[in-house]
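# A look at the structure
So the chains spell out like this:
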Amino acid sequence: MENEVFTLHHYWKIFRKRSRWVLFSAAAVAVFTLIFTRSQISFYQAYTTVKIERQYAPGILSDWVVWNSGDVLDTETNVIRSRTVVEAALRNINIIREGMAAGTVNPLVEQTRNKIKAEKVGDSNIIKISIISQDASNVLNLANEITRAYMLKSKEEGWADSTRCRNSCLKR
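What you are looking at is a predicted structure, and each value in this text was computed from that prediction instead of being measured.

How each quantity is defined
Numbers given to residues run from 1 along each chain, matching the order in which its sequence is written. Reporting in this predicted model follows two pLDDT cut-offs: at least 70 for local features of residues, and 80 or more for side-chain atom pairs to be given and counted; totals over whole chains, interfaces and linings ignore these cut-offs and use all residues. The basis for the side-chain values is all heavy atoms of the structure; hydrogens and waters are excluded. We call a residue buried when its accessible area falls under 20% of the maximum for its residue type, exposed when it is over 50%, and partly exposed in between, using a 1.4 Å probe and counting protein chains only. Under the scheme used here, helices are H or I runs from DSSP no shorter than 4 residues and strands are E runs no shorter than 2 residues, and both carry numbers assigned from the N terminus. Two strands pair if DSSP finds at least two bridges between them. Note on geometry: axes are lines fitted to C-alpha atoms, helical ones only across the stretch in contact, with angles between N-to-C directions running from 0 to 180 degrees. Remark: nonpolar core denotes a set of buried residues (Ala, Val, Leu, Ile, Met, Phe, Trp, Tyr, Cys) joined through side-chain atoms within 4.5 Å. The contact criterion used is simple: two residues touch if any of their non-hydrogen atoms lie within 4.5 Å. Roughly parallel covers angles under 35 degrees, roughly antiparallel covers those over 145, roughly perpendicular covers 65 to 115, and oblique covers all other angles. Only Asp, Glu, Lys and Arg are considered charged, only Ala, Val, Leu, Ile, Met, Phe, Trp, Tyr, Cys and Pro nonpolar, and every remaining residue, Gly among them, polar. Within 3.5 Å is the distance limit for a polar contact, defined as a pair of N or O atoms, with the added protein rule that one can donate a hydrogen and the other accept it, and that residues adjacent in sequence qualify only through two side-chain atoms. Two aromatic rings, drawn from Phe, Tyr or Trp (for Trp, its six-membered ring), form a pair once their centres lie within 6.5 Å of each other, and the interplanar angle then sorts them: stacked below 30 degrees, edge-to-face above 60, tilted otherwise. Put simply, a charge is over a ring when the Lys NZ or the Arg CZ is close to the ring centre, within 6 Å, and near the line of the ring normal, within 35 degrees.

Moving on: helix α4 (residues 83-92). Of all the positions in α4, only Val85, Val86, Glu87, Ala89 and Leu90 are classed as buried. With its phi angle positive at about 60 degrees, Asn94 sits one or two positions after the end of α4.

This next bit is on the sheet that holds strand β5 (residues 126-133). Overall, antiparallel pairing links the three strands, which are arranged β1-β5-β4 in an open sheet. Among the strands making up the open sheet, the edge pair consists of β1 (44-51) and β4 (116-120). Going across the sheet, the axis of each strand differs from the next one's by a mean of 20 degrees, ignoring polarity. Inspection of the sheet shows β4 paired to β5 by five bridges, in the antiparallel sense.

We now examine the nonpolar core. Here is a general trend for soluble globular proteins: nonpolar side chains tend to be buried in one another's company. Judged by nonpolar contacts, the single largest core of 24 residues is most densely connected at Ile80, Ile127, Ile129, Ile131, Ile146 and Tyr150. Elements supplying a minimum of two residues to this core: β1, α3 (72-80), α4, α5 (102-115), β4, β5 and α6 (136-171). If we ignore the near neighbours within four places in the chain, the residues touching Ile127 are Thr48, Thr49, Val50, Ile52, Leu73, Glu76, Thr77, Ile80, Ala118, Glu119 and Val121.

Moving on to the packing of α4 against α5. In a packed pair of helices, the relevant descriptors are the angle between the two axes and the axis-to-axis distance. Remark: α4 packs on α5, axes separated minimally by 10 Å, with the N-to-C direction vectors making an angle of 105 degrees. One way to sum up the angle between α4 and α5 is to call them roughly perpendicular. Here α4 contributes Arg83, Val86, Glu87 and Leu90 to the contact with α5, which in turn contributes Val105, Asn106, Leu108, Val109, Glu110, Thr112 and Arg113. Taken together, the residues of the contact of α4 with α5 break down into five nonpolar, two polar and four charged.

Position of Ser133 relative to the elements: it lies in strand β5. Judged by relative accessible area, which is 9%, Ser133 ranks as buried. Reaching out from Ser133, the side chain makes a polar contact with the backbone nitrogen of Asp135 at a distance of 3.2 Å. Setting aside residues no more than four positions away along its own chain, Ser133 makes contact with Ser42, Phe43, Tyr44, Lys115 and Val139.

Our next topic: the packing of aromatic side chains. Across all of its chains, the model carries three aromatic pairs by this definition. Across from the ring centre of Tyr47, 4.3 Å away, lies the NZ or CZ of Lys128, which sits over that ring.

Set out below in structure tokens:
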């Protein structure tokens with residue numbers, strides 16, 4: 001028996017003899033796999049990227065002096081996840097409507113903030129904003145609106161900085 005060689009005919013004979021167990025095992029694995037995959041929750045992810053431009057100091061030496069500390073991108077990632085930006089984005093896509101109570105708005109903003117991840121891309125000046133949600137139809141709109149709200153807030157702050165600087169220079 002030690003040197004007996006199994007041929008395809010031997011394997012076919014064994015399979016026919018144990019076919020019920022083989023088919024039952026295959027069917028059981030298929031059913032358990034189907035049940036497991038149907039019970040999984042689907043998550044969808046969308047992301048956008050934002051390039052952060054360097055800010056130059058206004059004045060005579062603006063070509064040489066760059067106001068860019070190492071924490072600018074870290075600060076901007078926190079601004080992207082800020083309550084102001086998230087609330088503005090939710091208002092733009094009508095998730096938050098006029099007249100909603102603060103008790104309703106606050107949990108919506110916090111839930112959305114927990115879905116947002118903003119991180120630097122390598123050593124560049126690019127921030128990747130990603131959002132993970134179970135709602136496939138809303139995740140892309142939300143990612144785009146977060147980016148728009150951040151860019152609008154950033155532009156408004158830039159205008160405010162320019163106005164403060166101009167007023168400061170005029171007072172001198």
